[in-house]
Structure formats: structure tokens, C-alpha cells
Amino acid sequence: MTGATLPQHVAVIMDGNGRWAKARGQARIQGHRKGVERVRDLVAACAETGIKAVTLFAFSSENWRRPRLEVRLLRQLFLFALEREIPKLHENDIRFSAIGDIAAFGAEIVRRVREAEELTRHNQRLHMTIAANYGGRWDVAQACRCLAEEVKAGRLAPADISAESLEPYLSMAGVPEPDLFIRTGGEQRISNFLLWQLAYTELYFTPVLWPDFDRVQFDLALASFAGRQRRFGRTGDQVEAAWRA
Ligand code: IPE
Ligand code: IPE
Ligand code: MG
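J.: Before we move on, can you summarise the overall build of the protein chain with the specific residues and values?
T.: Along the protein chain, the regular secondary structure elements total 8 helices and 6 strands. Ordered by position in the sequence, the α and β elements of the protein chain form the string β-α-α-β-α-β-α-β-α-α-β-β-α-α. Whereas a compact globule of 245 residues would reach a radius of gyration of roughly 18 Å, the protein chain reaches 19 Å, a difference of no more than 12%. At a minimum sequence separation of 6, the contacts of the protein chain that also span at least 24 residues come to 75%. By element, 52% of the accessible surface of the protein chain is carried by carbon and sulfur atoms, the whole surface being about 12900 Å².

What follows is the structure in C-alpha cells.
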């Protein structure tokens, strides 16, 4: 085996809640509620195995296109989950962050998110990030806007703009890029998640619906990751030689 066997950062598109509920003759929100339980399990599993960061896609900038009732119930669920889970995260030395344009969810959510980030900012065991009203294109665009302000203020020359100079302005600045990406629910697409940061991430797709994604399923994803060779543009022989050295 070549390369690290345990990912340091796992990014997840939690998909399939609606279909899970529909298959049981329940309202879609029941699938989302079950999904929150799986988030709790996954975060615990990450902390136990020694993974250092987990980033979860909870609501995309395109999810506003959903029926108003579902959007409203998702917002309530977000608020409820924040209230109930943040103290437990803090007790377990887990840092909480949110990325995305969360102002659109209203002042109460913004206040609670900022309080949670402040409360947990020095926690070391695991860094959990929730992407809410997040879009990868939005993220790159807002980073470009910041760079443009730097240029306008005379602090940066256009010729000095590079991938490295853009990175500090991205929402995930300071967090190493995801090593493993997991998407549940059968779809094999990125759906405007972390576009920039997924450049060299190992992708794992499973048909299992998010409310059924338990520890056994997570271990399968980790095993798949452990069996891969990450080359970052090099040849397989180069990677193996570096590993032996
Ligand atoms: C993912 O599950 C959760 C959110 C997008 C909020 P879905 O709600 O997309 O579930 P499906 O894809 O309709 O089954
Ligand atoms: C992606 O799921 C976003 C989240 C899980 C929050 P969607 O269900 O919205 O994705 P598409 O529309 O099927 O691509
Ligand atoms: Mg979906």
C-alpha cells in the first residue's frame, strides 16, 4: 500500500434523505431528521478514528429551488440541531464552523452559528464544518472579489494573482484540502460543492441513502480510500520509490 491510509479530511454530500422517507411513505422532512442522527454518528466516528476534519454539505445554494415548506422545515431543523448539538461538540473537543452565505437563513441562525464558532474555536480533536447555502462557484467568486479589492487598494498587482494568493480568501482557508469525498444516494456528481478544494480528492460514491449511512458504510469508504494510490501527477513508480525511501 502506498500513501496515507487514513484520510485527514473527509468531505460528504449527504444525499438521499427525501428518497429514504418516500420509500417509507413518510414526509421528506422525516428523512432529514434521520439524516441529522447520521451526522452525529459520523462526527463521532471521525473523532474516534483520528480524522482531523469533516465537512458536510447540508444545504446548497441551489436548494432554495425546493418547495417553500421543505426549505422552512430544513431551516428549523438546522436551528434545532445547533441548539442541541453544539454543547456536546464542545464537550468532545470538536471545533464547529459554517461556510456559505448563511445570512440568508436569518439573524437567529447567524447569531447561533457565530456563537458556536466562537465557543469551539480552540478545540483540537476534530474540525467539523457545515456547508449551508454554500456553492463552490460562489466561494471562488467571493474570493476573487476579495482579491479585486486588494488590487484596487494597491496592495496586490494583477500579475501576482495565483492559485496560492487566492486560497486564503476561500471559505475553507487554513483547512487542508479533503483527502476523501463521499457522496451517498447514488448520484455521481459534485453538485457545486467544494469545487476548488476537490481537485485531488479521492471520490467515493455509494448508492446507500444518507439515513442508512452507518458506521459499517463509513468503514467501507475508509477501506476504499486506504486501497488507493494518490499520485498528484507523478507516476506510480515515483510514488512507490518515495514511499520506500
Ligand atoms: C439531501 O437529501 C439533503 C439536502 C439536500 C438538504 P435530499 O433531500 O436531496 O434527498 P433526495 O435526493 O431527494 O432523496
Ligand atoms: C446536494 O444534494 C446538496 C446537499 C446534499 C446539501 P442535492 O440533492 O441538492 O443535489 P442534486 O440536485 O441532486 O444534484
Ligand atoms: Mg438529493
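So much for the structure itself; the text now carries on.
J.: Please set out the site of ligand 2 residue by residue, giving values where relevant.
T.: Looking at ligand 2, the residues that line it are Ile-13, Met-14, Asp-15, Phe-57, Ala-58, Phe-59, Ser-60, Asn-63, Arg-66, Arg-183, Arg-189 and Ser-191. Here an oxygen atom of ligand 2 sits 2.8 Å away from a polar atom, N or O, in the side chain of Arg-189. Protein contact buries 79% of the 390 Å² of open area that ligand 2 shows by itself. Counting residues per element, the shell around ligand 2 draws most heavily on strand 2 (residues 53–60), which supplies 4 residues. Of the residues assigned to the shell around ligand 2, the class counts are 5 nonpolar, 3 polar and 4 charged.

J.: Outline the site of ligand 1, listing residues and values.
T.: What surrounds ligand 1 is the set Met-14, Asp-15, Gly-16, Asn-17, Gly-18, Arg-19, Arg-28, His-32, Ala-58, Asn-63, Arg-66 and Leu-74. Taking Arg-19, its main chain carries an N or O atom lying 2.7 Å from an oxygen atom of ligand 1. Notes on ligand 1: free accessible area 380 Å², of which the protein chains cover 87%. Here the shell around ligand 1 is composed, by residue class, of 3 nonpolar, 5 polar and 4 charged.

Cut-off values and rules
- Residues numbered from 1 in each chain as written.
- Chains lettered and ligands numbered in written order.
- Predicted model: local features only at pLDDT ≥ 70, side-chain atom pairs only at ≥ 80, totals over all residues.
- Heavy atoms only, no water.
- Helix = DSSP H or I, 4+ residues; strand = E, 2+ residues; numbered from the N terminus.
- Rg over C-alpha atoms; globule rule 2.2 N^0.38 Å.
- Contact = heavy atoms within 4.5 Å.
- Areas by Shrake-Rupley, 256 points an atom, 1.4 Å probe, with all protein chains shown as cover.
- Near = heavy atom within 4 Å.
- Polar contact = N/O pair within 3.5 Å; in protein donor to acceptor, adjacent residues only side chain to side chain.
- Nonpolar A, V, L, I, M, F, W, Y, C, P; charged D, E, K, R; others polar.

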